[in-house]
Amino acid sequence: MNEINDSKPTKKTKGIILAGGTGTRLYPNTIVVSKQLLPVYDKPLIYYPLSVLLLARISDILVITTRQDQAAYKHLLGDGSKIGINIQYEIQDRPGGLAEAFILGEEFIGDDNVCLVLGDNVLYGDSLSRLLCNTKKKIERDGGAAIFGYPVKNPEAFGVVEFDKDTRIVKSIEEKPEEPKSNYAVPGLYFYDNRVVEIAKAVEPSARGEKEITSVNNAYLEKGELSVSLLGRGMTWFDTGTPKNMYKAGGFVKTVQEMQGYYISCIEEIAWRKGFIDDETLELRGRELGNTEYGQYILSLLEEKKK
């Protein structure tokens, strides 16, 4: 995919990480700890969706949490200044559906576009940053919405995209269908123009009493303004909502980091490479964590730069 260059004025894109919910599928691990604070190998789960937003060069971020967990997230991430970004917080008192994120974040979003990423998703791929940046620029330039499709063996557990025979045109999106019309699941990553706030408000709750994100996507689809990019070979996605998937994700991260020597979702490294922080700030952060392998990796980035 070629980089998009456009001189027309564009709207800014802000990011939302939805880290609420009770994580019941991970009980007893999550009885007293939010699942997005649990470790995936060597870092908290929330670092992975946060890194996705950083890779997309999004620096204004809203983290939506439960009331009881918000203090822990603030202790972990603060206001984002240590990595050169702005992090704000909002409370979701009870599960109201993914689309509720845009209603809770209405004031934060303002007149801008928004990227929503679910707090329990792990995405990795060599071309991920380029894909994210190009998708963000497309929505900023043309409006509409953009989602992604990822091939899975159990599509009935996810939102599913149905395509035409050439896999070019989206025909429908169904939420956890009993008879899936394709094997392409929709990962928890979505880009929308500013109209998403009003669209979310108009969504009627489903049978389980929640505003479904699929209803938002179908609203854009009906307008002919929904694009879907397929994540195929070279991309990896984990929905870490179960103990087995948490374990698989941790094993994947461990294997890649040990084989390649590069860290996955090191938020300090990404912030540094994207220009949010300078060498001095990166070194300070590395020294704060210096007695750990994670901290030593951060410091090694600066040593590598000197060579």
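Shown above is the structure to which this text applies.
Figured I'd write up the structure that's included with this text.

Reading the values: rules and limits
- Residues numbered from 1 in each chain as written.
- Predicted model: local features only at pLDDT ≥ 70, side-chain atom pairs only at ≥ 80, totals over all residues.
- Heavy atoms only, no water.
- 1 Å grid on protein atoms, 1.4 Å probe; cavity = no way out; pocket = protein on both sides within 12 Å on 5 of 7 lines; lining within 4 Å.
- Points joined across faces, edges and corners; volume = space filled by probe spheres on them.
- Helix = DSSP H or I, 4+ residues; strand = E, 2+ residues; numbered from the N terminus.
- Nonpolar A, V, L, I, M, F, W, Y, C, P; charged D, E, K, R; others polar.
- Contact = heavy atoms within 4.5 Å.
- Phe/Tyr/Trp six-rings, centres within 6.5 Å; stacked < 30°, edge-to-face > 60°.
- Buried < 20%, exposed > 50% of the residue type's maximum accessible area, 1.4 Å probe, protein only.
- Lys NZ or Arg CZ within 6 Å of the ring centre and 35° of its normal.

On to the layout of surface pockets. One way to see where empty space is left: roll a probe the size of a water molecule over the atoms. Taken as a whole, the largest pocket holds about 1300 Å³ of empty space. Looking at the largest pocket, it is lined by 48 residues, and the ones nearest its centre are Arg 25, Leu 118, Asp 120, Lys 176 and Asp 239. At the level of elements, strand S8 (145-151), strand S10 (170-175), helix H7 (213-222), strand S14 (235-239) and helix H8 (243-260) are the ones that each hand at least two residues to the lining of the largest pocket. Among the elements that line the lining of the largest pocket, the one with the most residues is S14, at 4 residues. Looking at the lining of the largest pocket, its residues break down into 17 nonpolar, 20 polar and 11 charged.

Let us now look at the side chain of Lys 14. Along the chain, Lys 14 falls in strand S1 (residues 13-19). Setting aside its immediate chain neighbours within four residues, Lys 14 contacts Ile 58, Asp 60, Phe 108, Ile 109, Asp 112, Asn 113, Val 114 and Cys 115.

Geometry of an aromatic ring pair is reported as the spacing of the ring centres plus the angle between the planes. Overall, the coordinates contain 12 aromatic pairs when judged by the stated rule. Arranged with centres 6.3 Å apart and planes meeting at 15°, the rings of Tyr 190 and Tyr 192 form a pair that is stacked. Tyr 192 matches Tyr 190 in its accessibility class, with the two residues each being buried. The cationic tip of Lys 14 hangs over the ring face of Phe 108; the distance from NZ or CZ to the ring centre is 5.2 Å.

Shape is all these values report; function is a separate question.
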